[in-house]
Amino acid sequence: MKNWIAVVFLFVLSVAKVQAQIPVILRVAAAEQADSIGCNFVRELCRISYDAILSGNVKLWNSSNKEFHIIAQSLKEIDASANTSFLNQEVIFIYEMWTHSNKELKSATSGFLFSNRNSKGEDVEYGYVEYTDLQEFLMRERVITNANGNFNSNLASFLNAKNYNYQFLQFAGKVINNVTDSKKIRDEYIGNLLFNVSAFSMNQVPQKLVVWTLDKSTEAPSEKVNNGNDLLAAIGEYLKNNQEVFFNLGADKLSNFTQKTKWKVTKIEVNELWKKVGAELLYDPLGLIIYINDAPLTEIPYKDLLKIDVKINEHQLIDFIRSKNFNFVIRKINQQQITRSQAYLYQKALVQSPWNKVSYFVENY
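Because the structure is predicted, anything quoted here is derived from the model rather than measured. (Residues numbered from 1 in each chain as written. Predicted model: local features only at pLDDT ≥ 70, side-chain atom pairs only at ≥ 80, totals over all residues. Heavy atoms only, no water.)

### A short note on the overall build of the protein
Argument step 1. Of the regular secondary structure elements, the protein holds 12 helices and 17 strands.
Argument step 2. The C-alpha radius of gyration of the protein comes to 26 Å, more than 25% above the 21 Å expected for a compact globule of 365 residues.
Argument step 3. For the protein, the spread of C-alpha atoms along the principal axes amounts to about 85 × 45 × 35 Å.
Argument step 4. Residues classed as buried in the protein amount to 47% of the 365 residues present. (Helix = DSSP H or I, 4+ residues; strand = E, 2+ residues; numbered from the N terminus. Rg over C-alpha atoms; globule rule 2.2 N^0.38 Å. Buried < 20%, exposed > 50% of the residue type's maximum accessible area, 1.4 Å probe, protein only.)

### A short note on the pattern of salt bridges
Argument step 1. Summed over all chains, the structure comprises 13 salt bridges.
Argument step 2. Across the pair E90 and R43 runs a salt bridge, and its minimum N-O distance is 3.0 Å. Of this pair, E90 sits in the loop between α3 (72-82) and β4 (91-101) while R43 sits in helix α2 (residues 41-54), and the two are 47 residues apart along the sequence.
Argument step 3. On the accessibility criterion, E90 (41% relative accessible area) is partly exposed.
Argument step 4. A relative accessible area of 27% means that R43 is categorised as partly exposed.
Argument step 5. Close ionic contact of K162 with E96 constitutes a salt bridge, the shortest N to O distance being 3.3 Å. Of this pair, K162 sits in the loop between α5 (155-161) and β7 (167-171) while E96 is found in strand β4, placing the two residues 66 residues apart along the sequence. Each member of the pair, K162 as well as E96, carries the same accessibility label: buried. (Salt bridge = Lys/Arg side-chain N within 4 Å of Asp/Glu carboxyl O.)

### Observations concerning the packing of α2 against α3
Argument step 1. Where α2 meets α3, the closest approach of the two axes is 8 Å, and the angle between their N-to-C directions is 130°. With respect to α3, the element α2 is oriented oblique. Where α2 abuts α3, its residues Y50, I53 and L54 lie against A72, L75 and K76.
Argument step 2. Looking at the contact of α2 with α3 residue by residue, the class counts come to five nonpolar, no polar and one charged. (Axes fitted to C-alpha atoms, helices over the stretch in contact; angles between N-to-C directions. Parallel < 35°, antiparallel > 145°, perpendicular 65-115°, else oblique. Contact = heavy atoms within 4.5 Å. Nonpolar A, V, L, I, M, F, W, Y, C, P; charged D, E, K, R; others polar.)

### Focus on the pairing of strand β5 (residues 104-117)
Argument step 1. Sheet analysis places β4 next to β5, joined by 10 bridges and oriented antiparallel. Along β5, the bridge assignment pairs F93 with L113.
Argument step 2. Hairpin geometry of β4 and β5 is characterised by an intervening segment of two residues between the two adjacent antiparallel strands and by a positive phi of about 50° at N102.
Argument step 3. In terms of strand pairing, β5 meets strand β6 (residues 123-130) through seven bridges, oriented antiparallel. (Pairing = 2+ DSSP bridges.)

### Focus: the packing of aromatic side chains
Argument step 1. The final tally for this structure, using the stated rule, is 25 aromatic pairs.
Argument step 2. Measuring from centroid to centroid gives 6.1 Å for W98 and Y189, while their planes differ by 20°, and the two rings are stacked. One end of the pair, W98, is in strand β4; the other, Y189, is in helix α6 (residues 179-190), and 91 residues separate them in sequence.
Argument step 3. The interplanar angle of 65° and the centroid separation of 6.0 Å between the aromatic rings of F326 and F328 together place this pair among those described as edge-to-face.
Argument step 4. What makes F328 buried here is its relative accessible area of 9%.
Argument step 5. In this structure an aromatic cluster arises from ring pairing among F41, W98, F158, Y164, Y166, F168, F171, Y189 and F195.
Argument step 6. Positioned above the aromatic ring of F195 is the side chain of K162, whose terminal nitrogen or guanidinium carbon lies 4.9 Å from the ring centre. (Phe/Tyr/Trp six-rings, centres within 6.5 Å; stacked < 30°, edge-to-face > 60°. Lys NZ or Arg CZ within 6 Å of the ring centre and 35° of its normal.)

### Focus: the environment of I53
Argument step 1. Following the sequence through the fold, I53 ends up in helix α2.
Argument step 2. Residue I53 is classed as buried on the basis of its relative accessible area of 3%.
Argument step 3. Counting along the chain gives 128 residues from I53 to D181, while the straight-line C-alpha distance between them is 35 Å.
Argument step 4. If we ignore the near neighbours within four places in the chain, the residues touching I53 are V58, L60, A72, L75, F86 and V129.

### Quick word on the side chain of Q33
Argument step 1. Along the chain, the position of Q33 falls in the loop between β1 (22-29) and α2.
Argument step 2. Judged by its relative accessible area of 11%, Q33 is buried.
Argument step 3. One polar contact links the side chain of Q33 to the main-chain carbonyl oxygen of A29, over a distance of 2.9 Å.
Argument step 4. Every residue in contact with Q33, bar those within four places of it in the chain, is listed here: V28, N40, F41, V42, Y164 and N165. (Polar contact = N/O pair within 3.5 Å; in protein donor to acceptor, adjacent residues only side chain to side chain.)

Structure, rendered in structure tokens:
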């Protein structure tokens, strides 16, 4: 009997390869999303969908048959009565049509089925959202990514590339109820092919949003220590010589500042976009916050940084910041906070490791 089932299953796969479109339902579990993906795909899909539904811009239907519309207030009431959270679903289902032709894989997402379980283990059905309704939000909304993610990622690109972990619930009309059959579909139907290659750029430059700080150092003199202190001193001198700029940044609003108070620049915080082109790292400063006596001024955006005429060792401010020839501490990568004790390892990882394995590098160094 088992051999007969296997023959039928392989026949389904061989037929599927020559069909124009194959209906597929994917089962995607939050617990199965790898850290290297850069985000929890399930959590992000729920977050973006929930906001879009509550705003009234996206319709939630009772099922994929779309018999009736569930209003935003009703969705809130479902959560309240069942003591569940739409944002914390463990499993979501994705309805798609797949095409396999000329060694190219294409997928078209139809919609998403949302559900949950209450504290008693009972199923709680939220409903179905069409992809066409949600597409604008999935393309526009930036994904909340960890240190492994690409800062400019959106969920539309995740869906196109199938850049998340999933199992099959249905494939070509057949119910798939075990991991073994899911693996067979991947091996026989997908193989080493990529999805929707023409829908996204294969040469996309990896980017990460990095926030780092530079503090006044009392360490033994060295080139990097001296350069860092010179940078802070040069900024302080510039503010003293440009009182209007100083006050426009909010100096008069600092609780520990008066014109008669002796003050100094104790720290800067820089918000940068890091890009990896081949083996080369490029840095694009986005904004800078100056700390006076450990209190922050208003952030200076990039366009205004260009107007600041500060030179450090014959280098303009922006160029000197890009040089990284000083001791700085990474505080944040994308939306992930970095502890001071691990900052150096994350900095090392950004230089030496693949950018989707930054956390792995740190954990196994």
